[in-house]
Each structure stands twice: as C-alpha cells, then as structure tokens.
Amino acid sequence: MAKTDLIGGSLWEQYSEKVTERMNHPAFMGELTEEDAAAKGAELVIADYGADSCGDAVRLYWLVDPKTGKILDAKYKSFGCGTAIASSDVMAEMCIGKTVDEAARITNLDVEKALRDSPDQPAVPPQKMHCSVLAYDVIKKAASVYKNVDMSVFEDEEIVCECAQVSLSTIKEVIKLNDLKTVEEITQYTKAGAFCKSCIRPGGHENRKFYLVDILADTRAEMEKERLNTAAAKKSFLELTLIQKHKEVEKVIEQYVRPILNNDGGSVEVMDMKEEGGKTIVYIRYLGACMGCAASTTGTFEVIRNTLKQKVDDSIEVQLV
Amino acid sequence: MKRIYLDNNATTQVDEQVKAVMDPFFCEKYGNPNSLHRFGTEVHPYMREALDQLYAGIHADDEDDIIINSCASEGNNTVIKSEYYRSILSNSKKIRMITSTIEHPAVSEAYRFLEKLGAEVIYLPVNSEGLVDPEALREAIDPDITSLVSIIWANNETGLINPVKEYAEICRENGVKLHLDAVQAVGKIPVNMKQIEADFITFSAHKFHGPKGVGGLYIRKGNSIIPLIHGGEQMAGLRAGTINTPYFIGMGKAMELAVSNLEFEDREVRRLRDKLEDAIVKIKDVEVIGKRELRTPNTILASFRGIEGEAFLWDLNQNGVAASTGSACSSESLESNPTFVAMDIGSDLAHTGIRFSLSRYTTEEEIDYAIKVIHNTVKRLRSISSTKNKEYI
Ligand SMILES: Cc1ncc(COP(=O)(O)O)c(C=O)c1O
C-alpha cells in the first residue's frame, strides 16, 4: 500500500469492476408504487435513511408478500457517491426472494463481498467502506417499518465500528484479554477504526454514539478498579482461616502452575500448610515427570514460589517435601 | 474519447515555450550556479532573466526579494513558521496570528500545527459574499500581541477575490505583517506589489502553465525570514538546497507569459467561463457560489441539488470531462464548507459542490461539449437520486 499511498489519488482505481459496472448501469434503481403492490397483492414498504447533509441518503422500496413475509421486489433511490449507489444496487438485489427477517440480517460486509471481483480482493478502498453501511442500515429501517417496531429490535448488539461490524462487547473483551493500551492496538486486533475512522474519536466523517478513545479509557479505568479490588482482597489473606488459605493457593496452582507442568508431563500437589510467625508455609510435592527433574528444584521451584507470592500473598513460602 | 480539462485550479498544462526554455539546463548547461567555474557561471544570466520576469510579473521593487523554492506550500510554511519562531526566539508577546476559515491546507494546517506549539490563532469567518471582511480583520488585530496575518488572495474553490488592498492598509496602520497566498491570483488577475503593500506573497508555477515543484516567496524590503530549510548559502541563505535551475528558469518564462496573457484571460477565458456558467445556471435547482464580478475569470463552483459531488465527477470523468469537488465523500471530515455556511447555503448542499476551472487553453468547442456532458450527468444522477424537490433539467 505504501507506494499507492505515496502516489495518491488512487481512490477510483481501487474500485472493483463490479462497483464501476453498478455505478454506470444500476439495475435496481427506481421506485415502486402502490399500484405495483396492488398488482402483486403485496404490501409496499418505503424506508429512508441518511441525509443529503451527511453526504449519503438512500430510500428503499419493498414489495412484501403479507402471507410469507417474502420480499417480492426491491428498488432504491440514492444520494451518494459511486460506491454508495453501487452498494445500494447490490443491496436491493440481495433483498429480493428473502423474508424480511432474513433480509434484516444482511450486513454491509455481505454487500461489500458481493461487489468483489475476486473473493480476497476488497471491492472498495478502506475509506470507502462506510459507504456500504447505509445500504444495510436502510434494510433494518425497512424491516422496522414493515413490522411497525423500533429499529433497535434488529440490532442485537451495540455496533461501534459500522464498517468492520465490531461490537462494543468485542472491543472491551480484547482490551481486557490482551491488555491493550492504544487505539492503534484495538484496530490491529479487531479492525475497528481501520476504514472510515469515524469511530476513533469525535470529529470524524460521521458522528457516532461510541468512540474507541472513550471505550479504551473507560475499559482501562474498569481494569484498574478490578486490579485494586483484587489487591484489596489479597490484603486480607492473612485474616483467612487455614482452610480458606489452602483454597486460594490451590486455585492459583490449578490456574497458573499445573498447566505449565502438565505440558512436560508433570504436576504438583500441596501436601500441607502451616502458619509460622506471619508466614504461610506451603509444602509441595512433584508428580509425574517433575519427580527427579533437575529443574524441579531450581527453575520450576522458583516459578511456583513467585507465582504464589504474586498471585496469592507475599507472605507465602514454599518448601519441597 | 475526448478529454477536456476543466480542473486548472488544481494544476495546468505547461506552456510549450516554457518547456523549450527549460530544456538546455538538463543536459548542456547543467552546472551548479553556486560553483565558481564556467559551468556554474554560465547559468547566471538566465537566472537573472528569470528573476527579471518574476519581479516584473508581480511588480516587485528591485529592493524586494523573491525566494525561489519548491512550491507555494513551502512558501506558506516558511512565512508562517518563521514569524512564530521569531516570537519564540525573541521572547516576544506576539503570539497571536490571524488567518481565515477559507485558507488552503498549506496555510491552515501550518497554523493548526503552531497552535499545538502554543500560538494563539484566530480564524476569521467570511461574510455573506464569501469574502473575509476587512472590518473583522481590524477587530481581531491587537497590535501589541499580533505578529502575522495570512489571508488567501483568490480562493481556490470559489475563485472569490478578497479585498487585499484593504487588508494591507489595515495591517500597515497597526504595524502587523501581512502574508497573502497568491497562488490562485497570479496569472488570473493582476498582482501588483506596488499597489498592494503586503509583506509576503506566495505562488506556485504549475498554476500558471509552469512546471510543478517550483514556486516563489515574495518578501517586501525591510522584512526578513528565518529559513524553513537550513543548509547551504543558496537564495542568500534564506532557502538552502541546490537551485533547480531548469525549473527556476521555466517559472520566469511562465510568469512572463501569464502576465502577457492577463488581458486574454480577462476577455476570452472569462467569456467561455460565462458561457459555461450561463448554461449551468439554466439547470433547475443549481446554485453558483459567489458573484461573477467578485471571482477570478476562470472559476465556477456550482452546487447541483440532489447530486453528491463525487458521483458527479465520476460521470463527468466517464465522459472525458475533468473537474473537481471541494468535499469528496471520502474526505475524513464532515465539517461543512465554511464558505457554504457563511453564505447561508443549505447544509443539504454541502456535498454537492463541483468546481470547473478553465485556462487559456480551453476552447469554445470544449465548453460546448462539457455543457452537453453536464446536462446528461444531471439528468442521469437526478433520476437515481433520493433527494426530493429537485427537477431534472
Ligand atoms: C490557494 C492555494 N494555496 C496553496 C496551494 C499549494 O500549492 P502547491 O501544491 O504547489 O504547494 C494551492 C494549490 O492547490 C492553492 O490553490
């Protein structure tokens, strides 16, 4: 991409043949009327989405068979760039023959895929991905008009990045699991923010409900709170009964230590625990391959000791029996 | 297919005569003009002639300087950053800088950057005619803390010509320096530095049928700049880098030709522009931005209700006509064009602007053909459009 970026002005060169063809000869452009509906014994659905002032607007027309809920015909009108028109054209075509519920599951990614010339070559450059989003928003709008319900019914999840279809819960999860610290990392892990960039921070191409910068800050704050809570929980380790202490130690060994040892065909068990002058002594015994392994008294032992000290309490000492 | 170029505010065709004067300086007279030997010195008379052409072209005084650089972006950055560095280096209170909301990015982005370094930048709005109001400038200037004013002479998108003479008078009265971005003025309207007492102006050769990648920074006598590019002693130590002799010499010729064609520009280019504009405004639901008499003779920014700008360009391009849009659908920012906002043009038209810009090479036949293509484009795209209350033609 570097050389293309250095040359610049390659927007249209990155469109697929199909985008060009649909823009030049849109096949499903037009209107459907009450007369058309009556002729087919269908219900006419008209839905508008977007606005000229945002640079993108689309109106979708459906003829829906009231008995089967199937979309018999679809047409559209669009104010937008070539990609927006081409996306709307494919979208209208994809609706035909589906039930309203099936159509409501079409995403902008399906629309973009349908515009590709070959399966692994994107149909449009990244900054144009958002132009296909409207095409899928308007389907949900039409479905909600048909069913006389709110559009949110068709949105199971809060979508943060429309272009890449990444949800709020996914983004929070990857931040926590991978300890992500920057928006760039979020984009690398999820592709959220990789396309039109509107969801990164306020002031982009579109106004959004959620922005990656805020989600990152909030999630990091949540993580910090969780960390402090566990730290607070640890402080009270010394106040636990011996049986409770044993449970904590077992938990950590099971979660962090045994998986490592198991890899080499070994394991470890806790034989006993004792409290002695503010210290908690944990007596352990190796099992399987660890028995007699040279590292078991040095490296492995250190890992076990440090893990217990860090994850359970610093007052812990470990002894081999 | 016919190819018709109506995007001359973006760049222009190089005049054959310009190309011819540049040619000897590639393979024959290729010396470095800073060398003491004959290879270097033999270029000097040609450079002097080019400077004469440039000075004459903008009516600069012999005591003034014209620094030859790589482009107007460089010139604009040089002036703006130089004034800011000077305030910093001298610990001066002059941290306020004034510009407008309708500048080219080569000015506005430089100021945005200086804001990050601590500069206080005021962005003057435009009035209902699309011009930066001199009275607004007067109000924004606090002589004790203001160092520089940067305003575009003629706007690249609308062609609207600002009242620069008034700015110069206001700046003079207040002892504040004035920098004009004259990129779209040179070659389109008279630029006379004896009449307009600005301290700095910038221009780029490729906008007036010279080569790309060479420009000029005019510095009125009594001013100095801190170089943007430090290095060798070229350009009196104000702009380092081995002098691009063929381009330097080409720009001189381009300036001479541009100035001698000003009368033609004002008559013939204007006539064809007006012909195109008359045909455009006959289409229903179309607005042209700014009064004709306030614009450069070659430019039209028109808004076609119900047609997104990039889609319009697409259809023009499919039919061999090149134009441009101010707000591509893919542009990262959604902010409305400040000229549209100030001129009270509805936000529903914010994405519908198309700029046609002519040159002295544009022919009547091309304009007639373009008119046909524009009509077909409007018809087709309005038939696709979801926008209500627009008629096809
Ligand atoms: C008004 C204005 N200023 C500055 C520039 C920058 O010129 P260049 O790209 O040659 O540096 C342009 C060119 O688009 C312009 O129109």
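Numbers given for residues are sequential positions, taken from 1 along each chain in its written order. Chain letters start at A and ligand numbers start at 1, both assigned in the order the entries are written. Local features in this predicted model are restricted to residues whose pLDDT is 70 or higher, and side-chain atom pairs enter the listing and the counts only when it is 80 or higher, whereas totals over whole chains, interfaces and linings include all residues. Side-chain measures were taken over the full set of non-hydrogen atoms in the model, leaving aside hydrogen atoms and water.

1. Concerning the overall build of chain A
Runs of H or I in DSSP of at least four residues are treated as helices and runs of E of at least two as strands, each being numbered from the N terminus. For chain A, the count of helices and strands is 12 helices and eight strands. The atom set for the radius of gyration is the C-alpha atoms, and the globule formula is 2.2 Å times the number of residues raised to the power 0.38. Here the C-alpha radius of gyration of chain A, 29 Å, is well above what a compact globule of 321 residues would show, namely 20 Å. On the principal axes, the C-alpha backbone points of chain A span a range of 90 × 55 × 40 Å. Each residue is placed in one exposure class: buried if its accessible area under a 1.4 Å probe, protein chains only, is under 20% of its type's maximum, exposed if it is over 50%, and partly exposed if it falls in between. Every one of the 321 residues in chain A was classed for burial, and the buried ones make up 46%. Restricting to contacts in chain A with at least 6 residues of sequence separation, those with at least 24 account for 59%. Residue burial considers only the protein chains on display, and all accessible areas are found by Shrake-Rupley using a 1.4 Å probe. Total accessible area on chain A stands at roughly 16300 Å², and carbon and sulfur atoms take up 52% of it. In this description, contact between two residues means that some pair of their heavy atoms is separated by no more than 4.5 Å.

2. With respect to the domain arrangement of chain B
All names here are of chain B. Domain assignment breaks chain B into domain 1 (16-260) and domain 2 (262-384). Facing 26 residues of domain 1, the contacting portion of domain 2 comprises 22 residues. The term buried area denotes the loss of accessible surface (1.4 Å probe radius) that occurs when two parts are joined, taken as the sum for both partners. Interface area for domain 1 against domain 2, summed over the two sides, is near 2000 Å², with a carbon-plus-sulfur share of 58%. A per-residue breakdown of the area domain 1 buries against domain 2 is headed by Glu 157, Lys 188 and His 209, which together make up 30% of the total. Criterion for a salt bridge: a side-chain nitrogen of Lys or Arg within 4 Å of a carboxyl oxygen of Asp or Glu. Our count for the domain 1 to domain 2 interface comes out at one salt bridge. Notably, a salt bridge pairs Lys 291 with Glu 129, separated by 2.3 Å at the nearest N-O pair. Ranked by the residues each element gives to the side of domain 1 that touches domain 2, the list is headed by helix α9 (residues 245-260), at four residues. Classification convention: Asp, Glu, Lys, Arg as charged; Ala, Val, Leu, Ile, Met, Phe, Trp, Tyr, Cys, Pro as nonpolar; all other residues, Gly among them, as polar. Residues belonging to the side of domain 1 that touches domain 2 are distributed by class as follows: 11 nonpolar, 11 polar and four charged. In this entry, domain limits derive from an automatic or database-based domain assignment.

3. Structural notes on the pattern of salt bridges
Taken as a whole and assessed by the stated rule, the structure comprises 51 salt bridges over all chains. With a shortest N-O distance of 2.7 Å, Arg258(A) and Glu254(A) are connected by a salt bridge. Taken together, the residues Arg258(A) and Glu254(A), both in helix α11 (residues 242-263) and four residues apart, mark about one turn of the helix. According to the relative accessible area criterion, Arg258(A) is buried, its value standing at 12%. Classification of Glu254(A) as partly exposed rests on a relative accessible area of 47%. Where Asp278(B) meets Arg292(B), a salt bridge forms, and the shortest distance between an N and an O atom there is 2.5 Å.

4. Some remarks on the confidence of the model for chain B
Every residue carries a pLDDT, the predictor's confidence in it, which falls somewhere between 0 and 100. In the predicted model, chain B carries a mean pLDDT of 94, and the fraction of residues at 70 or more is 96%. Scoring of the predicted complex yields 0.82 for pTM and 0.88 for ipTM.

5. Some points on the domain arrangement of chain A
Residue and element names in this part refer to chain A. Domains assigned within chain A are domain 1 (3-154), domain 2 (159-233) and domain 3 (237-320). Each of domain 1 and domain 2 has a C-alpha centre, and the two are 28 Å apart. Each side of the interface is counted separately: domain 1 has 11 residues, and domain 2 has 10 residues. With both chains or domains summed, domain 1 and domain 2 bury close to 790 Å², and 58% of this area falls on carbon and sulfur atoms.

6. Thoughts on the interface of chain A and chain B
Facing the 32 residues of chain A at the interface are 28 residues of chain B. Between chain A and chain B, the buried area comes to about 2500 Å², and carbon and sulfur atoms account for 58% of it. Area buried by chain A at its contact with chain B is led by Trp12(A), Phe79(A) and His205(A), which between them contribute 26% of it. Linking chain A with chain B are one salt bridge, by the criterion used here.

7. Some words on the nonpolar core
Working definition of a nonpolar core: buried Ala, Val, Leu, Ile, Met, Phe, Trp, Tyr and Cys residues. They are joined through side-chain atoms within 4.5 Å. Membership of the largest hydrophobic core comes to 94 residues, with the highest contact counts inside it found for Trp62(A), Phe304(B) and Phe356(B). Counting residues per element, this core draws most heavily on helix α7 (residues 133-147) of chain A, which supplies nine residues. Counting residues in hydrophobic clusters, the runner-up holds 74 residues, among them Ile151(B), Val164(B), Ile170(B) and Ile189(B).

8. Some details on the sheet that holds strand β9 (residues 286-288) of chain B
Note: strands within a sheet are paired through backbone hydrogen bonds, in either parallel or antiparallel orientation. All names here are of chain B. Taken together, the three strands give an open sheet; going across it, the order is β9-β10-β12, and neighbouring strands pair in antiparallel fashion. Two strands lie at the open edges of the sheet, namely β9 and β12 (353-357), each paired on one side alone. With direction set aside, neighbouring strand axes in the sheet form an average angle of 25 degrees. Pairing geometry for β9 and strand β10 (residues 299-304), over three bridges, is antiparallel. Across the sheet, the residue bridging to Val 286 is Phe 304, located in β10. Strands β9, β10 and β12 of the sheet are contacted by helix α10 (residues 262-282), whose axis makes an angle of about 10 degrees with β10. For helices, the fitted axis covers only the stretch in contact; all axes are lines through C-alpha atoms, and the angles between them, taken along N-to-C directions, range from 0 to 180 degrees. Lying on the sheet, helix α11 (residues 309-318) is in contact with β10 and β12; it crosses β12 at an angle near 45 degrees. Two strands are counted as paired when DSSP detects at least two bridges linking them.

9. Notes on empty space enclosed by the protein
The pocket and cavity definitions rest on a 1 Å grid over protein atoms only: a 1.4 Å probe that fits but cannot leave marks a cavity, an open set with protein on both sides within 12 Å along at least five of seven lines marks a pocket, and residues lining either have an atom within 4 Å of a point. Grid points are joined across faces, edges and corners, and a volume is the space filled by probe spheres set on the points. Applying the stated rule across the entire model yields seven cavities of 30 Å³ or more. Estimates place the volume of the largest cavity at around 90 Å³. Its residues assigned to classes, the lining of the largest cavity shows three nonpolar, six polar and four charged. In this structure, the lining of the largest cavity is formed jointly by two domains, domain 1 (16-260) and domain 2 (262-384) of chain B, each of which donates at least three residues. Quantified by volume, the second largest cavity comes out at close to 80 Å³. Forming the walls of the second largest cavity are 14 residues, and the residues nearest its centre are Cys161(A), Glu162(A), Cys163(A), Cys196(A) and Ser198(A). Here the residues of the lining of the second largest cavity sort into seven nonpolar, three polar and four charged.

10. Digging into α9(B)
The span expected for a helix works out to 1.5 Å for each residue beyond the first. Spanning 16 residues, α9(B) covers 23 Å between terminal C-alpha atoms, matching the ideal 22 Å at 1.5 Å per step. All buried positions along α9(B) are accounted for by Thr245(B), Pro246(B), Phe248(B), Ile249(B), Gly250(B), Met251(B), Gly252(B), Lys253(B), Ala254(B), Met255(B), Leu257(B) and Ala258(B).

11. Here we look at the environment of Val149(B)
Residue and element names in this part refer to chain B. Here Val 149 shows up in strand β5 (residues 146-152). For Val 149, a relative accessible area of 0% translates into the label buried. Linking Val 149 and Ala 198, residues 49 residues apart in sequence, is a C-alpha distance of 9.9 Å. Not counting residues up to four positions away in its chain, the partners in contact with Val 149 are Ile 98, Leu 137, Ile 141, Cys 171, Val 176, Lys 177, Leu 178 and His 179.

12. Side note on the packing of aromatic side chains
Whether two aromatic rings pair depends on their centres lying within 6.5 Å, for rings of Phe, Tyr and Trp, where Trp uses its six-membered ring; planes under 30 degrees apart make the pair stacked, over 60 edge-to-face, and the rest tilted. Under the counting rule described, the total for this entry stands at six aromatic pairs over all chains. Between Trp12(A) and Trp314(B) the ring centres are 5.1 Å apart and the planes differ by 70 degrees, which places this aromatic pair in the edge-to-face class. Highlighted residues: Trp12(A) in the loop between α1 (2-7) and α2 (17-24) and Trp314(B) in helix α11, drawn from two different chains. Looking at Trp12(A), the relative accessible area reads 26%, which means it is partly exposed. The interplanar angle of 70 degrees and the centroid separation of 5.0 Å between the aromatic rings of Phe25(B) and Tyr46(B) together place this pair among those described as edge-to-face. A residue pair is termed long-range when its members are at least 10 positions apart, and Phe25(B) in helix α2 (residues 24-27) and Tyr46(B) in helix α4 (residues 44-58) qualify at 21 residues. Owing to a relative accessible area of 4%, Phe25(B) belongs among the buried residues under this scheme. Lying across the ring of Tyr369(B), Lys2(B) places its NZ or CZ 4.6 Å from the centre. Criterion for a charge above a ring: Arg CZ or Lys NZ at most 6 Å from the ring centre, at most 35 degrees from the ring normal. Cation over ring: Arg112(B) sits above Tyr123(B), and NZ or CZ is 4.4 Å from the ring centre.

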